[in-house]
Amino acid sequence: MPADPGALAYIGVGSNLDGPEGQVRLAIAELGLLPASRLLAVSPLYLTSPLGPVDQPDFVNAVAVLATRLVPRALLAALQGIEQVHGRRPDGRRWGPRPLDLDILLLGEALIEEPGLKVPHPEMAYRAFVLVPLADIAPVELHIPGLGALADLLAACPRDGIRPLEAPPACEDPASLAESRLSRRQGRPQDRIPSAAIH
Ligand code: A4P
Ligand code: MG
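What counts as what
Residues numbered from 1 in each chain as written. Chains lettered and ligands numbered in written order. Predicted model: local features only at pLDDT ≥ 70, side-chain atom pairs only at ≥ 80, totals over all residues. pLDDT = per-residue confidence, 0-100. Contact = placed C-beta atoms within 7 Å. Helix = DSSP H or I, 4+ residues; strand = E, 2+ residues; numbered from the N terminus. Expected span 1.5 Å × (residues − 1). Near = placed C-beta within 6 Å. Nonpolar A, V, L, I, M, F, W, Y, C, P; charged D, E, K, R; others polar. Buried ≥ 20, exposed ≤ 12 C-beta atoms within 10 Å, placed from the backbone. Core = buried A, V, L, I, M, F, W, Y, C linked by C-beta atoms within 7 Å.

(A) Quick look at the confidence of the model for the chain. When pLDDT is averaged along the chain, the result is 86; 82% of the residues meet or exceed 70. This model gives residues 180-199 a pLDDT under 50, and the stretch forms 5 contacts once residues within four places in sequence are excluded.

Listed below in structure tokens is the structure:
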């Protein structure tokens, strides 16, 4: 019988200091190395305006999903360990700048209300920088315990201040792209010499 894969843990990843994109990409790789866990999927990266004090750089945000058998406190401790390796030091400033922030957004169906650990993350319902990447990798029908359907939260959440980190490559209509390639190779149709005219 296959081993129990554990619960699905959706992790919010954010950074706005010391090379945020690199911090986020490295942190995601480190999530893949957590014990008793397997990294299943990662959202695209987004550039987002800071929530909280505005005198700080934009954030890079993403969401990753793990299957984990770690208990909630062990998962939180592991995430805090990764934050510390990335130079995260408490500066007493709520929502201040940081090289790395890892939040447990969801952990299966768990509803946890304890000192130092609240799951689902209580602010997630109002944050486009969480909901948009979450929707990239979660099933459309995802239900968030105590908060409702992801689709409803997303519909109610303003999306200003969030944009993909890398714009998708400009994509022309494939048919016209193929046509223009062909005509570049063969010359414009009116310039082509009919084969019957070649002697
Ligand atoms: N904690 C409780 N529940 C959780 C949980 N589900 N996951 C406790 C992780 N930690 C949890 O967190 C403070 C304490 O929360 C931890 O010790 C842990 O026991 P922190 O990350 O050290 O402090 P903080 O981040 O300043 O406070 P807070 O309220 O956790 O902030 P958030 O919610 O993490 O938000 N703007 C943009 N654009 N993008 C961002 O990613 N992030 C924040 C921080 C603010 N503005 C942002 C972003
Ligand atoms: Mg946090």
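Next comes the rest of the account.
(B) View of the environment of leucine 70. Its location among the elements puts leucine 70 in the loop between β4 (59-68) and α2 (72-85). Distance from leucine 70 to alanine 7, taken between C-alpha atoms, is 8.6 Å for residues 63 residues apart in sequence. Residues in contact with leucine 70, not counting those within four places in the same chain, are Ala36, Ser37, Leu75 and Ala78.

(C) Region of the structure containing helix α1 (residues 20-31). Taking 1.5 Å per residue, 12 residues should reach 16 Å; α1 reaches 16 Å between its end C-alpha atoms and fits that length. Looking at the packing, one finds that the buried side of α1 touches β1 (7-15), β2 (37-42), β4, α2 and β5 (101-107).

(D) Highlighting the site of ligand 1. Neighbouring ligand 1 are 21 residues, the closest being Gly14, Thr48, Leu51, Phe59 and Trp95. Taken together, the elements giving at least two residues each to the shell around ligand 1 come down to β4, β5 and β7 (117-119). A breakdown of the residues in the shell around ligand 1 according to their chemical character gives 9 nonpolar, 7 polar and 5 charged.

(E) Local environment of the environment of alanine 151. Note on placement: alanine 151 falls in helix α4 (residues 150-156). Among the residues examined, alanine 151 registers 15 C-beta atoms within 10 Å and is labelled partly exposed. Sequence separation of alanine 151 and glutamate 141 is 10 residues, and the distance between their C-alpha atoms is 7.1 Å.

(F) Just the nonpolar core, in detail. By size, the foremost hydrophobic cluster in this structure holds 40 residues, and its most contacted members are Tyr10, Ile11, Val63, Ala64 and Leu105. Of all the secondary-structure elements, those providing two or more residues to this core are β1, α1, β4, α2, β5, α3 (128-137) and α4. Sorting elements by how many residues they give to this core places β4 first, with 7 residues. Apart from residues lying up to four places away in sequence, leucine 105 is in contact with Tyr10, Ile11, Gly12, Val63, Pro120, His121, Met124, Val130 and Leu134.

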